[in-house]
Amino acid sequence: MNTRANGNTNDLLALKDLMPQRQRRIAKAPATALGTPPMKELTGRLHPHRQYLKIDSIKNETKTTKTFRLVPDMVKGTKRLAVFRAGQYLSVKADVNGVRITRPYSISSCPKEARDDGFYEITIRKIPGGFLTAYVWENWKEGHTVEVSGPEGFFYYEALRDARHVVGLAGGSGITPFRSMIKDIMENDLDMQLTLLYGTRFADDIIFGQELENFASRVPEKVSVHYICSEPDATWKGPTGFLTKECIQEFVGDVRDKSFFISGPPAMYLFLEKELEGFNLPKKRIRREACGEVKDIETYTDFPKELSHKTFKIAVNMAEGAQEIPAKAAETVLVAIERAGLTPPSKCRSGECGFCRSRLVSGEIYVRPQDDGRRLADRQFGYFHPCSSYPVSDLSIEVPRDL
Amino acid sequence: MPEYDAVVIGAGNGGLSAGAQLAVSSVKVLVLEQHNLPGGFATSFVRGRFEFEATLHELANVGSKENKGGIRRLLEDGLGAKVDFVPVPEAFRLIISDEGLDVSMPFGVDAYLDAIEEAVPGSRSSVAEYLELCKEATVGIGHLFKSKGHIDETVLKSEYPKFLKCAGYSYEEVTSRLGLPDRARKILDAYWLYLAVPPSRMAFSVYGAMLYTFLIHGAHVPRFRSHELSVAMEKRIRECGGAVEFNTRVDKILVENGRVVGVETAQGDRISTNHVICNASPTLAYNYLVHPKTEVPEVAYKNVNARTEGVGSFVVYLGLDASPEELGLSEYSYVIHDHMDLERLYASLTNLFNPQLQACICLNAAIPDCSPPGTTLLSLTGVYQLGVWEAVKPENYVTVKRKVAEQFIDKFEKAMKTNVRDHIEEIEIATPQTFFRYTGAYKGSTYGYELETWDSIIPRIVAMEEEQYIKGVRFAGGSAFLGPGYNSTLSGGRAAAIQTLKDMEGDK
């Protein structure tokens, strides 16, 4: 460093000049205010909290399944649909007899249709005794308004991660995300190959049957669709049985260098996990769609069965106020809160997204290991996801308001 | 209308630290957070069997249990928050591909000096002089902070002569005088990405103090990601009688006659208070929060418009199905740059594609069991000028993100002569847009205002009272006076709480 007789003084001046310099810069700057908050539009197109839609048309798929075409409800403020990746879902919010609930439904249409034609489609199967679907069958007519979340979930093809050849294993209404993927492949928006195996009990329960076969015939080098029926009637000409290891092997051939995407009811996951075990696939090659709530939690081996018919008390503290509510051991804490007429936040209802994250002040819960999406620190500090947690004692909890 | 002694807007590092300090000081405090988690940038997320750290690379100034640094003292002794800190094994490995430079650097002033001398023989005396200035910058900033920005010429001249040699100058001005060998300077610049201001404008004192703090205390990370840090502070706020509300965005800071009187949430609830600590940046506060607009003095707009917004981050999070050993990753932190011409690197931050720099973290090197046996958590981070990602159309966003991520991965693989592509079990890609979505930070900026010489910590300390434009409103977070980064926002949040406590005394 230069030694200067008055170095100290110069250095001090340099330091002291910072303030006048600062003042000059501030004085010279414009006094203009900013306009629209930045990034709002981009975020709105990618990750809106809410989208207001209305039913444009309804198509009967099977005797128990309907496809609803949803378009933006301009009046309520949704101008354009959020972009999504084939395989993602919308969390539908509905007010059913004073109980505000959510249900995740995969988008069955493709991204191009949202982008260019301005619609999403969701395909819903009526569940016997289903709380929401009974309401939907009753109320969802053309013109009915529907409130949904932005596109959510991670059940999509990702070129940096997945094998380019994907084997889709679907059951029940778990076929819906694959319809989106197949259409996306046909539109050349998705560069992958798909072999879809759809397991069904009855032939007339197959959703999109002919439609997907037609799609596949247009891009035979990229898509093939196979329906496997376990209780075929006399007219069934296709393969029969379950999605066993042998069955998969028969349609897929070499299983190496392929990704397996599973989407269906929870019981199917357990079945397929065992079947796939024999292939010794790396974990990264098997991906599962979040399957929603487990309806028969008492059948899982580590669930405390002696409690399954018990009802506990939950002291809930929410912005709406504090109250004590009943909660069945075999139903999730989220369901108990909703039944009480409160409006907790929720999206995936599978333990995965963490949107319902709440504080467990005291008490014990049961969480199926495969639905435990909690962060490590949350476990340590007593936070939990009510959507995948079952009460096994009285609880005291604190739930954030819904957004 | 509910009434609180103080309301904290935003539960980022700054807001949580401020909120916890107020709660510990028996102030009736309410912390309002728009997201459903505490922490802001300090958070984590789960994909499959991995839990990813969202932003923390390493925390300076924690120190060991025996020789506590400022952050450990603040959390453990000041706030009573329990965080299990794990030391980071070494400073960094620097790989500059254009020049074939590849060095691994240790923590510790002497060890650092030795390592540079070994890599660049003959550099010892000039590097020692540089590190001496870094030390004085640390001490000097501490002194100015304690004296509340009062510059006492006699004291500075006699007690802090070396601080004076760097306090008023840019990084370029100071380093050019030291006669540092070119390669030594490149190694010393390795932490540059943590500030990302061109050396001609960057205050030497800030960079020097940061480097020196890393060297004397090493670096640490919470065992359960930064989310552990956030939840630990949130817990203390509640334990001490404070309240924390999630999914509750503040839309208005209510001001009457130049003084804050309350806040209004997005749900329309009004909360009465005379003290607000704002974790949102002054730019956001003056432009969108203060209500009515007539309460924003002209000079407040001028102030925020005069400043340069810092960069935003781009991160590729990788959960890999191979162990660090299999991948050949033995270090924790990797600085991988094409070259070390910092002005040119800074200029490159306006380009969406072909990133010239990245800082990578292999968390397993500090926390071997942070992911299941036989797997690795790796993150690759770059930075961008604000606006670069905003220009990407929503329809192209995923494709562009993937293409850029691929370039980061390719560069990492080349530098480390390894293959991560075939082992990707989980991947997420975050852009400034992502950070905006979760934190509301202005344009997704990670770094607040650039710490330029005239807008570095020193002038911000000196100008603090003069630039308080609305009575009762103090700022915390990356855009507040101590600048960005975990160390600064935690310390700055506490400092804002202490100012607020003094403001409260003034009320009486």
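This text gives an overview of the structure that appears in the document. (Residues numbered from 1 in each chain as written. Chains lettered and ligands numbered in written order. Predicted model: local features only at pLDDT ≥ 70, side-chain atom pairs only at ≥ 80, totals over all residues.)

Across its full length, chain B carries 18 helices and 21 strands. Against the compact-globule benchmark of 23 Å for 508 residues, chain B has a radius of gyration of 22 Å, which places it among compact chains. Dimensions of chain B along its principal axes, counting C-alpha atoms only, are 65 × 60 × 45 Å. Here chain B, with 508 residues, has 61% of them falling under the buried criterion. Taking all contacts inside chain B whose residues are at least 6 apart in sequence as the whole, residues at least 24 apart take part in 76%. (Helix = DSSP H or I, 4+ residues; strand = E, 2+ residues; numbered from the N terminus. Rg over C-alpha atoms; globule rule 2.2 N^0.38 Å. Buried ≥ 20, exposed ≤ 12 C-beta atoms within 10 Å, placed from the backbone. Contact = placed C-beta atoms within 7 Å.)

What follows concerns the sheet that holds strand β18 (residues 395-398) of chain A. Residue and element names in this part refer to chain A. Strand order in this open sheet of 5 strands is β13-β12-β18-β14-β16, and the pairing throughout is mixed. One side of each edge strand has no neighbouring strand; the edge strands of this open sheet are β13 (321-328) and β16 (383-384). Examined bridge by bridge, strand β14 (residues 358-362) and β18 share 3 bridges and lie antiparallel to one another. If you follow S362 over to β18, its bridge partner there is S396. (Pairing = 2+ DSSP bridges.)

A separate point is helix α15 (residues 397-416) of chain B. Working note: α-helix, 3.6 residues per turn, so residues spaced by three or four point in the same direction. Residues and elements named next belong to chain B. Here α15 spans 28 Å end to end across 20 residues, near enough to the 28 Å set by a 1.5 Å rise per residue. Taken residue by residue, α15 has K401, V404, A405, F408, I409, K411, F412, A415 and M416 as its buried positions. Axial view of α15: buried residues confined to an arc of 160°, hence all on one face. Opposite the buried face of α15, at more than 90 degrees from it, the exposed residues are T399, K403, D410 and K414. Close packing links the buried residues of α15 with β7 (92-96), β16 (312-320), β17 (333-337), β18 (357-362), β19 (376-384) and β20 (424-430). (Expected span 1.5 Å × (residues − 1). Arc of directions from axis to C-beta.)

With 182 residues, the main nonpolar core has B:V7 and B:V316 as its most contacted residues. Considering every element that reaches this core, the biggest residue donor is helix α9 (residues 204-217) of chain B, with 9 residues. What B:V316 contacts, discounting residues up to four positions off in sequence, is B:S379, B:L380, B:A405, B:F408, B:I409, B:I427 and B:I429. With 64 residues, the next largest nonpolar core counts A:L334, A:I337, A:F355 and A:F384 among its residues. (Core = buried A, V, L, I, M, F, W, Y, C linked by C-beta atoms within 7 Å.)

Note that B:E173 resides in helix α7 (residues 171-177). Judged by the 15 C-beta atoms lying within 10 Å of it, B:E173 falls in the partly exposed class.

This part is about the sheet that holds strand β9 (residues 219-222) of chain B. A sheet is described by the order of its strands in space; here 3 strands give the open sequence β5-β9-β6 (chain B), paired in antiparallel fashion. Looking at which strands have only one partner, the edges of the open sheet turn out to be β5 (59-60) and β6 (85-87) of chain B.

Before going further, it helps to examine the packing of helix α11 (residues 282-289) of chain B against helix α12 (residues 298-306) of chain B. To describe two helices that pack against each other, one gives the angle between their axes and the distance between the axes. All names here are of chain B. Relative to each other, α11 and α12 sit at 140°, their axes nearing to 9 Å. When the axis of α11 is compared with that of α12, the two are oblique. For the crossing formed where α11 meets α12, the hand is left-handed. Taking contact as the criterion, the partners of P282, T283 and Y286 in α11 are, on α12, A300, Y301 and V304. Per-class residue counts for the contact of α11 with α12 are 5 nonpolar, 1 polar and no charged. (Axes fitted to C-alpha atoms, helices over the stretch in contact; angles between N-to-C directions. Parallel < 35°, antiparallel > 145°, perpendicular 65-115°, else oblique. Left-handed = near helix turned anticlockwise from the far one by under 90°. Nonpolar A, V, L, I, M, F, W, Y, C, P; charged D, E, K, R; others polar.)

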